[in-house]
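Below are the chains, spelled out letter by letter.
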Amino acid sequence: MNDLINLSLDQVHALALRALTVNGMGEDHALAIADTITRGQRDECHSHGLYRVLVCVHSLRSGKVDPQAQPRVSRPAPAIVRVDAQRGYSLLALQTGLPLLVEQARELGVAALVIRNCFHFSALWPEVEAIAAEGLVGLAMTPSHAWVAPEGGRQGVFGTNPLAFAWPREGREPFVFDFATSAIARGDIELHARQGKPIPLGWGLDAEGRPSTDARAVLEGAMQTFGGHKGSALAAMIELMAGALIGDLTSAESLAFDGGAGATPLHGELLLAFDPARFLGSELEAGRQRAEALFAAITDQGARLPSQRRFAARQRSEREGVWVGRALLDDIQRLIDH
Ligand code: NDP
Ligand code: PYC
């Protein structure tokens, strides 16, 4: 039986930090990663919370990641901030680039942050929420490994390619969505496989291309896109925008680089920031009110906004801590001990 253990957010952070640093991750990277993992666990995003410690440490031990890499900034055009992560994890590069992105978006109205050459494991909502916290509209996307078949096909071409968006709101949480363009994040299928649970039809195909509810069979076969051809087209767009356009690896190239190591994908990320004040000028307040009318039209009929579940989990976790399965804690402890 997988008992649940209650941990405070400080305990989650300390555990992640320890597991990363004893396995050789540089202090600055480990802190940035532990922060993001703690946020994921806090918001009950289980596929991108403490579970990711296992993947990050496995990636470190594979020797592919540079645990001390220091990001390098360049400015290929006024609206483009580029940060080369130098084959380190993405989050230090993000920390370096975000203030520059915000500055350029305020100056020009629109700006792009291009992160290249990074190992990327994390959910994108913390990244677009950070943009919205500056009063800007944010959009982020990234490839991963080619695990996802195009609609009508049966072999992985696309990554699970998340797309996240945030719209700032006065005095309240932003409007945020963040989802994989596959039917579900791969991390969620991995969690089902760890717990021996079946998955719903529509998430993936087995190695023979047959729809399957067996999580392990799908991990060895191919995942499916969400919304059929629509998710397939969005996944292709992300390969183009956050791969070919920014001069970094596609999901197929990332998987080839991995060469069976099972490490975190290596590729790039594209983040865009839009300044409503620049778009709207004297009409800024009217624009805000029109957005609020849209949100009210959704919630007034009982539908919920994306991220509402997450924000509620955040409040609960800050009050009561989080519940983590003993099996996961034992696996993390083993990575600390050996
Ligand atoms: P989900 O399908 O669980 O959720 C996607 C989004 O839909 C969330 O914003 C969620 O809000 C919202 N949502 C869910 N149900 C409803 C509803 N009934 N009404 C309104 N909104 C709803 O996510 P995925 O499995 O697709 O992705 C999970 C995470 O995995 C993401 O954070 C993503 O960034 C990450 N990921 C990262 C990858 C990487 O390469 N770095 C690759 C793939 C995924 P809420 O959270 O409040 O439920
Ligand atoms: O859950 O699909 C996923 C994922 C890929 C890379 C990081 N998370």
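Source: prediction; values computed, not measured.

## Things to note about the nonpolar core
Membership of the largest hydrophobic core comes to 64 residues, with the highest contact counts inside it found for Ile-33, Leu-50 and Ile-332. Apart from residues lying up to four places away in sequence, Leu-50 is in contact with Leu-7, Val-12, Leu-15, Ala-16, Ile-37, Gln-41, Val-324, Leu-328, Leu-329 and Ile-332. Counting residues in hydrophobic clusters, the runner-up holds eleven residues, among them Ile-184, Ile-189, Ala-193 and Trp-203.

## Quick word on the environment of Ala-185
For Ala-185, the location among the structural elements is in the loop between strand 7 (172–179) and helix 6 (186–194). Through-space distance from the C-alpha of Ala-185 to that of Asn-117 is 22 Å; in sequence the pair is 68 residues apart. Those residues in contact with Ala-185 that sit more than four places away from it in its chain are Ser-47, His-48, Ala-180 and Met-223.

## Here we look at the sheet that holds strand 6 (residues 163–169)
The sheet built from seven strands is open, its strands ordered 2-3-4-10-5-6-7 with mixed pairing. At either margin of the open sheet sits one strand with a lone partner, and together these are strand 2 (72–77) and strand 7. Along the sheet, successive strands turn relative to each other by an average axial angle of 15°, direction set aside. Note: strand 5 (residues 137–141) against strand 10 (residues 266–274), five bridges, orientation antiparallel. Within the sheet, the bridge partner assigned to Leu-139 lies in strand 10 and is Leu-272. The strands touched by helix 4 (residues 90–108) are strand 2, strand 3 (80–84), strand 4 (110–119) and strand 10; relative to strand 4, the strand with the most contacts, the crossing angle is about 170°. The strands touched by helix 8 (residues 229–244) within the sheet are strand 5, strand 6 and strand 10, with strand 5 carrying the most contacts at an inclination of about 100°.

## Some remarks on helix 2 (residues 27–42)
Helix length check: helix 2, at 16 residues, gives a terminal C-alpha distance of 22 Å against a target of 22 Å (1.5 Å per residue), a fit within 8%. Looking only at helix 2, the buried set comprises His-29, Ala-30, Ala-32, Ile-33, Ala-34, Thr-36, Ile-37, Thr-38, Gly-40, Gln-41 and Arg-42. Those residues of helix 2 that are buried are in contact with helix 1 (9–22), helix 3 (51–62), helix 4, helix 5 (125–132), helix 12 (308–320) and strand 11 (322–325). Immediately beyond the C-terminal end of helix 2, within one or two residues, lies Glu-44, with a positive phi of roughly 55°.

## A few points about the site of ligand 2
Neighbouring ligand 2 are His-48, Arg-52, Phe-121, Trp-147, Thr-160, Ala-185, Arg-186 and Gly-187. Between an oxygen atom of ligand 2 and a side-chain N or O atom of Thr-160, the distance comes to 2.7 Å. Here ligand 2 has 240 Å² of accessible area as a free molecule, and 91% of this is covered by the chains.

## Observations regarding the packing of aromatic side chains
In this description, a pair of aromatic rings is defined by centroid distance and the angle of the planes. All chains considered together, the criterion is met by nine aromatic pairs. Consider the rings of Phe-179 and Phe-226, whose centres lie 5.2 Å apart with planes at 70°: the pair is edge-to-face. Separated by 47 residues along the polypeptide, Phe-179 in strand 7 and Phe-226 in the loop between strand 9 (222–223) and helix 8 bring together distant segments of the chain. What makes Phe-179 partly exposed here is its relative accessible area of 31%.

## Re the site of ligand 1
Around ligand 1, the surrounding shell holds 23 residues, and the nearest of these are Ser-122, Asp-178, Ala-180, Ser-307 and Arg-309. Within the contact set of ligand 1, an oxygen atom lies 3.0 Å away from a backbone nitrogen or oxygen of Ala-185. Ser-307 is positioned with one of its backbone polar atoms (N or O) 3.0 Å from an oxygen atom of ligand 1. Coverage of ligand 1 by the protein chains reaches 75% of its 930 Å² of free accessible surface. Secondary structure elements with two or more residues in the shell around ligand 1: strand 7 and helix 12.

## A closer look at the confidence of the model for the protein chain
With 100% of its residues at a pLDDT of 70 or more, the protein chain shows a mean pLDDT of 98. Scored as a complex, the prediction yields pTM 0.98 and ipTM 0.99.

## Examining the packing of helix 3 against helix 6
Between helix 3 and helix 6, the shortest axis-to-axis distance is 11 Å and the interhelical angle comes to 100°. Of the possible angle classes, the one that applies to helix 3 and helix 6 is roughly perpendicular. Taking contact as the criterion, the partners of Tyr-51, Arg-52 and Leu-54 in helix 3 are, on helix 6, Gly-187, Glu-190, Leu-191 and Arg-194.

## Things to note about the packing of helix 1 against helix 2
Relative orientation of the contacting elements helix 1 and helix 2 amounts to 140°, with a least axis distance of 8 Å. With respect to helix 2, the element helix 1 is oriented oblique. Crossing hand, helix 1 versus helix 2: right-handed. Along the contact surface, helix 1 presents Leu-9, Val-12, His-13, Ala-16, Leu-17, Leu-20 and Thr-21, while helix 2 presents Glu-27, Ala-30, Leu-31, Ile-33, Ala-34, Asp-35, Ile-37, Thr-38, Gln-41 and Arg-42. Residue composition of the contact of helix 1 with helix 2, grouped by class: ten nonpolar, four polar and three charged.

Rules and cut-offs
- By convention here, each chain's residues receive numbers from 1 onward along its written sequence.
- The naming scheme follows written order: chains are lettered A onward, ligands numbered 1 onward.
- With pLDDT at 70 or above as the cut-off, local features in this predicted model cover only qualifying residues; side-chain atom pairs require 80 or more to be listed or tallied, and sums for whole chains, interfaces and linings still use all residues.
- The basis for every side-chain value is the complete set of non-hydrogen atoms in the structure, without hydrogens or water.
- For our purposes a nonpolar core is just a set of buried Ala, Val, Leu, Ile, Met, Phe, Trp, Tyr and Cys residues, chained together by side-chain atoms within 4.5 Å.
- Exposure is judged per residue with a 1.4 Å probe applied to protein chains only, and the accessible area is read against the type maximum: over 50% gives exposed, under 20% gives buried, and values in between give partly exposed.
- Pairs of residues are marked as contacts when any of their non-hydrogen atoms sit within 4.5 Å.
- Numbering of helices and strands runs from the N terminus, with a helix taken as a DSSP run of H or I at least four residues long and a strand as a DSSP run of E at least two residues long.
- Each pair of strands is called paired provided DSSP finds at least two bridges between the two strands.
- Only C-alpha atoms enter the line fits that serve as axes; for helices the fit covers just the stretch in contact. Angles between N-to-C directions range over 0 to 180 degrees.
- In this analysis, the expected span of each helix is defined as 1.5 Å times one less than the number of residues it contains.
- Residue proximity to a molecule or strand is established when one non-hydrogen atom of the residue lies within 4 Å of it.
- Any pair of nitrogen or oxygen atoms within 3.5 Å is treated as a polar contact; in protein, a donor-acceptor pairing is required on top of that, and neighbouring residues in sequence qualify only through side-chain atoms on both sides.
- Calculation of accessible area relied on Shrake-Rupley with a 1.4 Å probe; when residues are assessed, cover is drawn exclusively from the protein chains displayed.
- Pairing of aromatic rings covers Phe, Tyr and Trp, the last counted by its six-membered ring, and requires centre-to-centre distances within 6.5 Å; plane angles under 30 degrees mean stacked, over 60 mean edge-to-face, and any other angle means tilted.
- As a per-residue measure, pLDDT tells how confident the predictor is, with possible values from 0 to 100.
- Note on terminology: angles under 35 degrees are roughly parallel, angles over 145 are roughly antiparallel, angles of 65 to 115 are roughly perpendicular, and the others are oblique.
- For any helix crossing, the convention is left-handed if the near helix is rotated counterclockwise from the far helix by under a right angle, and right-handed if that rotation is clockwise.
- Under the scheme applied, nonpolar residues are Ala, Val, Leu, Ile, Met, Phe, Trp, Tyr, Cys and Pro; charged residues are Asp, Glu, Lys and Arg; polar residues are all the others, including Gly.

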